[in-house]
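Topology and contacts: notes
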Amino acid sequence: MTRFKQLARFGFFLAVIGCLVALAPTRAQAAPYAAMVIDARTGKVLHSRNADTRLHPASLTKMMTLYVAFEAIKHGEISADTVVTITGKAAAEPPSKLGLRKGQKIKLRYLIRAAAVKSANDAATAIGIAISGSEAAFARRMNRTAKALGMTRTHFKNAHGLTESGHLSTARDMTTLGRHLFYDHPDYYNLFSRRSTHAGMKSVNNTNRRFLNAYKGADGIKTGFTNAAGFNLVASAERGQERIITTVFGGRSTASRNAKVAELMDLGFRRAPSHAAVRKPELPVYAGNVGSDAPEPGAAGKTIRLITAVKRSPRPAPRPGVAQELVVDTQLASLTDSIKDAVVAVTEDGTTSPEAEAIAMVPAIETTPVPAAVQPFGGEATIASAAMTSPPPRPAAIILASLEPTAQPAEAAPEIVTRMSTSGGRHYAINVGVLGTRYHAERRLLKTALRELDTLDEALRKVIKRSDGWHANFVSLTQEQADLACRRLNARNTRCKVIGPS
């Protein structure tokens, strides 16, 4: 009996080992590895492996959700300050989430921050519903945008990236999307480099902060994880004149994924030339919400602005019946009489001039008798014949226009109206350099904004062309903000000069 028990235990042990061995290949197949490395300036591929294999993108999906949101704001469909009403669908999304509640009202800008920084699923769904009226309609718009961007092997089913049948993408397509985010919407790109941000309800930390802190030059973009996808990351980093974008699918852990991305980043910087002409990707054709994807009237949190032009202005149809002929005949008769009277009145000696004789020879216009009442539209309105009498005679004295110039009254002095300022005292600016090209000036502004988020978060970046070069300015600052920003930048050996109101 003891022998039998030992054999039974040994058999059970072998069965457990067999199950573990059987499960191991299944998990490996569920999250296969893929990678892509490009030179962001030119789009040239520096490394790829399984780059066209369709895999689960996980929260890399939110890159497209945010791209569509930035596009909608740019074209006036919606504003960053639009107040969105949270639906039950959005509130019920599983973590990671911001903690939105059904019926809650929150500005779109906070939803964007939560989706970009915390990778909040409820915020992503709320963005999609606010823009397109439903998540399904928004997914169709995501797919149209993906096609316009050249993402040929991508298909979206939702706005957040949680695993769903048919919701797939590739390392190549996600790298393409990351490059478009950087070049197409540079004003929003700094969101992806924030270690933390305030999302309306609370402050949230960046899911990519470990890589941002560990890799020199890293400034974005987006992480993703599900059991089916593994640990995914699209990352971007800049060193000197070079910018590399790297994508990894199927990492085994956050640490191993970050290490692999760092390794591929180093490879990219080694292979990329030090100097290369920037060839920005072409902007996709803007379509917006079309057809059945347009939200229903009164959809929660949605504001639509349509800009249309009148293509056809048909001339109104003339009034039918005798009344039309009567009006024309009466006007002609009146016009003829008035011309005769005017010519006779201006003859200096009272005799009829040749012009008057010529006009007098014009036969009189006969009018057709009109019934006492006409009802052209079959209604109750009537046109009385008494109303069609000839106009009263013109006065004998007619004052004609003089051919001699007359003195014109002096023009009143123009009144100067000063527009009330709406800038809230933000009349100051700072200059952080004068560069040789617009591109270098825009890049200086972007890099400076990333270094000094605390004081320049609300400033506007503006490049001005002058005789000495392209001026890189931050505008719409208060005097205190401008002074503080320059003090902090100068402390970091960054040139800065305060510009007062002019």
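Our subject in this report is the structure included herewith. Counting from 1, residues in each chain are numbered in the order their sequence is written. Per-residue local features of the predicted model are confined to residues with pLDDT of at least 70, and side-chain atom pairs are confined, for both listing and counting, to 80 or more; whole-chain, interface and lining totals are unaffected and use all residues. Values shown for side chains rest on all heavy atoms present in the structure; no hydrogens or waters enter the calculation.

1. Details of the nonpolar core
Throughout, nonpolar core names a set of buried Ala, Val, Leu, Ile, Met, Phe, Trp, Tyr and Cys residues whose side chains join them through atoms within 4.5 Å. Burial classes follow relative accessibility: with a 1.4 Å probe on protein chains only, a residue under 20% of its type's maximum area counts as buried, one over 50% as exposed, and anything between as partly exposed. Ranked by internal contacts, the top residues of the largest apolar core, which has 61 residues, are M64, I86, L111, I112 and I127. For M64, the residues in contact, after removing those within four places along its chain, are M142, T145, A146, L149, M151, F156 and L177. I430, A441, L477 and A485 belong to the second largest nonpolar core, which has 19 residues in total. Contact criterion: two residues are considered in contact whenever any of their non-hydrogen atoms come within 4.5 Å of each other.

2. Looking at helix α6 (residues 135-149)
Spanning 15 residues, α6 covers 21 Å between terminal C-alpha atoms, matching the ideal 21 Å at 1.5 Å per step. Those residues of α6 lying buried are E135, A137, F138, A139, R141, M142, N143, T145, A146 and L149. Numbering goes from the N terminus for both helices and strands, where a helix is a DSSP run of H or I of at least four residues and a strand is a run of E of at least two. Elements in contact with the buried residues of α6: α2 (61-74), α3 (88-91), α5 (121-132) and α7 (171-184). One or two steps after α6, the chain reaches G150, where phi turns positive at roughly 90 degrees. Take the residue count of a helix, subtract one, and multiply by 1.5 Å to get its expected span.

3. Here's the deal with a positive patch on the surface
Any residue with relative accessible area above 30% and no salt bridge may belong to a patch, with like charges joined within 9 Å and the nonpolar Val, Leu, Ile, Met, Phe, Trp and Tyr side chains within 5 Å. In short, Shrake-Rupley with a 1.4 Å probe defines the accessible areas, and a residue's cover is counted only from the protein chains shown. Salt bridge, as used here, is a side-chain nitrogen of Lys or Arg placed within 4 Å of a carboxyl oxygen of Asp or Glu. In this count, Lys and Arg are taken as positive residues and Asp and Glu as negative ones, while His and the chain termini are left out. For charged residues, the charge sits on one atom: NZ in Lys, CZ in Arg, CG in Asp, CD in Glu. Taken together, the side chains of R444, R451, K462, R466, R495 and K497 make up a positively charged region of the molecular surface. Residue assignment for the positive patch shows that the elements contributing at least two residues are α12 (438-451) and β11 (460-466). Its location among the elements puts K497 in strand β13 (residues 497-499).

4. Concerning the environment of A69
Inspection of the secondary structure puts A69 in helix α2. The class for A69 is buried, based on a relative accessible area of 0%. In the structure, A69 is positioned 11 residues away from A80 in sequence and 9.1 Å away in space, judged by C-alpha atoms. The contacts of A69, once residues within four sequence positions are left out, are I112, I127 and I131.

5. Some words on unusual backbone geometry
Comment: phi is negative for the bulk of residues other than glycine, and the bulk of peptide bonds are trans. With an omega of 0 degrees, the peptide bond running from P95 to S96 counts as cis. Residue G220 is joined to I221 through a cis peptide bond whose omega torsion reads 15 degrees. For A58, which is not glycine, the phi dihedral falls at a positive 55 degrees. Tracing the backbone shows A58 in the loop between β2 (44-49) and α2.

6. Details of the side chain of D219
As for its position among the elements, D219 is in strand β7 (residues 218-226). Within 3.5 Å is the distance limit for a polar contact, defined as a pair of N or O atoms, with the added protein rule that one can donate a hydrogen and the other accept it, and that residues adjacent in sequence qualify only through two side-chain atoms. Within the structure, the side chain of D219 is placed 2.7 Å from the side chain of R243, a separation counted as a polar contact. In contact with D219, other than residues within four places in its own chain, are Y189, F192, S193, L212, S236, A237, R243 and L450.

7. Notes on the sheet that holds β11
Between any two strands, at least two bridges found by DSSP are needed for them to pair. Strands sit in the order β11-β12-β10-β13 across an open sheet of four strands; the sheet is antiparallel. Two strands close off the open sheet at either side, each with one partner strand: β11 and β13. Neighbour-to-neighbour, the strand axes of the sheet open up by a mean angle of 35 degrees, direction not taken into account. Relative to β13, strand β10 (residues 428-435) runs antiparallel, the two being bridged by three bridges. Note that in β13 the partner of A429 across the bridge is I499. Here, axes are lines fitted to C-alpha atoms. For helices the fit covers the stretch in contact, and angles between N-to-C directions go from 0 to 180 degrees. Here α12 sits on the sheet and contacts β10, β11 and β12 (469-477); the angle it forms with β12, its principal contact strand, is near 35 degrees. Across the face of the sheet, helix α14 (residues 479-491) comes into contact with β10, β12 and β13 while running at roughly 35 degrees to β10.

8. A look at the sheet that holds strand β8 (residues 230-239)
Spatially, five strands are ordered β2-β1-β9-β8-β7 in an open sheet, and the strand pairing comes out antiparallel. Among the strands making up the open sheet, the edge pair consists of β2 and β7. Taken pair by pair, the neighbouring strands of this sheet meet at an average axis angle of 10 degrees, ignoring direction. Both β8 and strand β9 (residues 242-251) contribute to a ladder of eight bridges, which runs antiparallel. Each residue of the ladder has a partner; that of L233, found in β9, is V248. Packing against the sheet, α7 makes contact with β1 (34-39), β2, β7, β8 and β9, and its axis sits at approximately 140 degrees to β9.

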